[in-house]
Amino acid sequence: MDKKVIDEGKGLAWLSYLGLLLLIPLLVNKDNEYSKFHVKQGLVLLICGIITRILWIIPVIGWVVGMVVGIFLLVLMIIGIVNALNEKTEPLPVIGKYAEKIKI
């Protein structure tokens, strides 16, 4: 991506990984490709988080799986924030391929 595009979107792109705060870069920088890249990844991360919370309803197995997946999603969130702040457009492990299929 062009350095100018990255500089314009970098200020808010990291918010994409903080749940519903992804709406801020989506609405403010809606024409910025850098922000869109991180919003898509944040959206997939949010959906995975919602599914994980639903798993917690299942006793014992759901709790264990929910805990493990929750920790994994936390790590992905941190990786995404660091990538956004370091001007990188690397897909997140495991879920990044799904984000590429989203059209915004």
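Anything mentioned here points back to the structure above.
Notes on the structure follow. For clarity, every value in this text was computed on a predicted model and none was experimentally measured.

The rules we used
Sequence order as written defines residue numbering, which begins from 1 separately in each chain. Two thresholds apply to this predicted model, a pLDDT of at least 70 for residue-level local features and 80 or more for giving and counting side-chain atom pairs, whereas whole-chain, interface and lining totals are computed over all residues. With hydrogens and water stripped out, all remaining heavy atoms of the structure feed into the side-chain values. A run of DSSP states H or I qualifies as a helix once it reaches four residues; a run of E qualifies as a strand once it reaches two. Both are numbered from the N-terminal end. In this analysis, two residues are considered to be in contact whenever any of their non-hydrogen atoms come within 4.5 Å of each other. Helix axes use the C-alpha atoms of the stretch in contact, all axes being lines fitted to C-alpha atoms, and the angles between their N-to-C directions lie in the range 0 to 180 degrees. Each angle is binned into one of four classes, with values under 35 degrees roughly parallel, values over 145 roughly antiparallel, values of 65 to 115 roughly perpendicular, and all other values oblique. The crossing is said to be left-handed when, going from far helix to near helix, the turn is anticlockwise and less than a right angle, and right-handed when the turn is clockwise. Lys, Arg, Asp and Glu make up the charged group, whereas Ala, Val, Leu, Ile, Met, Phe, Trp, Tyr, Cys and Pro make up the nonpolar group; the residues left over, Gly among them, are polar. A helix's residues, less one, multiplied by 1.5 Å, set its expected span. Working definition of a nonpolar core: buried Ala, Val, Leu, Ile, Met, Phe, Trp, Tyr and Cys residues. They are joined through side-chain atoms within 4.5 Å. The buried label goes to any residue with under 20% of its type's maximum accessible area, the exposed label to any with over 50%, and the partly exposed label to all in between, with areas taken from a 1.4 Å probe on protein chains only.

## Some points on the side chain of H38
(1) Moving on: Mapped onto the elements of the fold, H38 is located in helix α3 (residues 33-55).
(2) Moving on: Once you skip the residues sitting within four places of it in the chain, H38 turns out to touch A13, S16, Y17, G80, N83, A84 and K88.

## A look at the packing of α3 against helix α4 (residues 61-85)
(1) Moving on: Where α3 contacts α4, the two axes come as close as 9 Å, and the packing angle between them is 165 degrees. In terms of orientation, α3 lies roughly antiparallel with respect to α4. The element α3 and its partner α4 pack so that their crossing is left-handed. Contact with α3, carried on its side by Y34, H38, L45, C48, G49, T52 and L55, involves G62, W63, V65, G66, V69, G70, L73, L76, M77, G80, N83 and A84 of α4 and no other residues of that element.
(2) Moving on: Classifying every residue of the contact of α3 with α4 gives eleven nonpolar, eight polar and no charged.

## Some thoughts on α4
(1) Moving on: Taking 1.5 Å per residue, 25 residues should reach 36 Å; α4 reaches 36 Å between its end C-alpha atoms and fits that length.
(2) Moving on: Where α4 is buried, its residues touch α1 (3-13) and α3.
(3) Moving on: Positive phi shows up at E87, right after α4, with a value of about 60 degrees.

## A short note on the packing of α1 against α3
(1) Moving on: Interhelical geometry of α1 versus α3 gives an angle of 40 degrees and a closest axis separation of 7 Å. Comparing their axes, α3 and α1 come out oblique. Across the interface between the two elements, V5, I6, G9, K10 and A13 from α1 touch E33, Y34, S35 and H38 from α3.
(2) Moving on: Residues belonging to the contact of α1 with α3 are distributed by class as follows: four nonpolar, three polar and two charged.

## Focus: the nonpolar core
(1) Moving on: In terms of nonpolar packing, the biggest core is built from 13 residues, with Y17, Y34, L45, L76, A84, L92 and I95 touching the most fellow members.
(2) Moving on: Going through the elements one at a time, α1, α3 and α4 are the ones with two or more residues in this core.
(3) Moving on: The dominant element in this core, judged by the number of residues it contributes, is α4, at four residues.
(4) Moving on: L45 has contacts with Y17, L73, L76, M77 and I95, leaving out every residue within four places of it along the chain.

In short, shape yes, function no, at least from these values alone.
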